[in-house]
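Each chain, letter by letter, is given below.
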Amino acid sequence: QVQLMESGGGLVQPGGSLRLSCAGSGFTFNNYAMSWYRQAPGKERELVAGIASRGGSTNYADSVKGRFTISRDNGKNTVFLRMNSLKPEDTAVYYCRADGRRAELGRLYWGQGTQVTVSS
């Protein structure tokens, strides 16, 4: 059974930091590119950051460049999102996504999401 389990969300003041984690199970983690998306109330889900299956390349939305860092530990089947200098507009539900590569090409999985609220 495939599972993506996000954790680490919560309430933080503007300027603060959080680290999100997403643990995968039930699939070959290092055959999947991983990414973080977010969805704020009344808005469409948007890509925040992505990382290649072997961790060789990353990409970021312009709105988070220089503040967020995506990384992965394939030995622990986990992808992380370090978020610094958080702003109220970063408030959203953050979702982890797995996109299959190589033999897993075409497969796609989503996590359930974790709420991040930036407020004073």
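Our structure's up above, just so we're on the same page.
Residues numbered from 1 in each chain as written. Predicted model: local features only at pLDDT ≥ 70, side-chain atom pairs only at ≥ 80, totals over all residues. Heavy atoms only, no water.

(A) Local environment of the packing of aromatic side chains. Using the criterion set out here, one finds six aromatic pairs in the structure. Taking the centre distance of 4.8 Å and the plane angle of 70 degrees together, the rings of Phe27 and Tyr32 count as edge-to-face. With relative accessibility at 13%, the residue Phe27 sits in the buried group. With a relative accessible area of 0%, Tyr32 lands in the buried category. Plain terms: the ring middles of Tyr95 and Trp110 are 6.4 Å apart, the flat faces sit at 85 degrees to each other, and that makes the pair edge-to-face. Note that Tyr95 is positioned in strand E9 (residues 92-100) and Trp110 in strand E10 (residues 108-110), a separation of 15 residues in sequence. Since its relative accessible area comes to 33%, Trp110 is described here as partly exposed. Positioned over the ring face of Tyr95 is Arg45, at 3.7 Å from the centre of the ring. (Phe/Tyr/Trp six-rings, centres within 6.5 Å; stacked < 30°, edge-to-face > 60°. Buried < 20%, exposed > 50% of the residue type's maximum accessible area, 1.4 Å probe, protein only. Helix = DSSP H or I, 4+ residues; strand = E, 2+ residues; numbered from the N terminus. Lys NZ or Arg CZ within 6 Å of the ring centre and 35° of its normal.)

(B) Examining the nonpolar core more closely. The biggest cluster of nonpolar side chains holds 28 residues, and the ones touching the most others in it are Met34, Trp36, Val79, Leu81, Met83 and Tyr94. It is E9 that provides the largest number of residues to this core, a total of four residues. Sequence-distant contacts of Met34, that is, excluding residues within four places in its chain, are made with Leu4, Cys22, Phe29, Ala49, Gly50, Ile51, Ile70, Arg72, Val79, Cys96, Arg97 and Ala98. (Core = buried A, V, L, I, M, F, W, Y, C linked by side-chain atoms within 4.5 Å. Contact = heavy atoms within 4.5 Å.)

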